[in-house]
Amino acid sequence: MGVTNNGAMDLSLMDEVFEKYKEQRGALIPILQKAQAIYGYLPPEVLKLIADRLGVSIGKVYGVATFYAQFYLERRGKHVLRLCDGTACHVKGTPVLMTAVEEEFNISPGETTDDGQLTVEIIYCMGSCALAPVAVLDNQVMGRIRQEMLLRKVKKQIGAG
Ligand code: FES
């Protein structure tokens, strides 16, 4: 996403965004949102470009990007699997699920597969403890999920199963 043939970040994709917001002062947040929609996350070179073009400090841009949970500074996969490791889910087996995911897809929490298909994250209690252990694949909540079913669903979602 947003990458040229030689693998570099295609910063020219931002031209249209700057053009759109050029009359609007203080448009940092919508510009960050558009940038994330283009690249899938906010790479450092894009944050620097935004700071340069808006004439604000890079510190300010980072400050805003890290303050809001909607922004990601790390590359994220096309699909995101969240495993709940709050107390109830932990007791009911999230560590087993995590190990299975790590072994199957070769990634740890917070990481993304090399093909950019899957990011795995840990979350802490999403208020559905009665359904523990809970996993969320993209927007699909899966309660009382077992290892085999979880792996099957993830593989299907990322087109590997
Ligand atoms: S601990 Fe997982 S939903 Fe509450």
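Residues numbered from 1 in each chain as written. Predicted model: local features only at pLDDT ≥ 70, side-chain atom pairs only at ≥ 80, totals over all residues.

Focus on the nonpolar core
Stage number 1. Formed by 16 residues in total, the largest nonpolar core has its most connected members in Leu-81, Leu-97 and Ala-135.
Stage number 2. Listing elements by their share of this core, those giving two or more residues are β1 (79-84), α6 (94-105), β2 (118-123), β3 (135-137) and α7 (147-157).
Stage number 3. Leave out the neighbours within four places in its chain, and Ala-135 touches Leu-81, Arg-82, Leu-83, Cys-84, Leu-97, Met-142, Ile-145 and Leu-150. (Core = buried A, V, L, I, M, F, W, Y, C linked by C-beta atoms within 7 Å. Buried ≥ 20, exposed ≤ 12 C-beta atoms within 10 Å, placed from the backbone. Helix = DSSP H or I, 4+ residues; strand = E, 2+ residues; numbered from the N terminus. Contact = placed C-beta atoms within 7 Å.)

Brief notes about unusual backbone geometry
Stage number 1. The residue after Ala-132, namely Pro-133, is reached through a cis peptide bond having omega -5 degrees.
Stage number 2. Mapped onto the secondary structure, Pro-133 falls in the loop between β2 and β3.

Some details on the sheet that holds strand β4 (residues 140-142)
Stage number 1. Spatially, the 4 strands line up as an open sheet ordered β2-β1-β3-β4, and their pairing is mixed. Two strands close off the open sheet at either side, each with one partner strand: β2 and β4. Strand-to-strand twist across the sheet, computed as the mean angle between neighbouring axes with direction ignored, equals 20 degrees.
Stage number 2. One ladder, built from 3 bridges, connects β3 with β4; its direction is antiparallel. Counted as the bridge partner of Ala-135 is Met-142 from β4. (Pairing = 2+ DSSP bridges. Axes fitted to C-alpha atoms, helices over the stretch in contact; angles between N-to-C directions.)

Describing the packing of helix α2 (residues 28-39) against helix α3 (residues 44-54)
To describe two helices that pack against each other, one gives the angle between their axes and the distance between the axes.
Stage number 1. Relative orientation of the contacting elements α2 and α3 amounts to 145 degrees, with a least axis distance of 11 Å. Relative to α3, α2 is oriented so that their crossing is right-handed. Residues Leu-28, Ile-31, Ala-35 and Tyr-39 of α2 lie in contact with α3, whose contacting residues are Val-46, Ile-50 and Leu-54.
Stage number 2. Of the residues belonging to the contact of α2 with α3, the class tally is 7 nonpolar, no polar and no charged. (Left-handed = near helix turned anticlockwise from the far one by under 90°. Nonpolar A, V, L, I, M, F, W, Y, C, P; charged D, E, K, R; others polar.)

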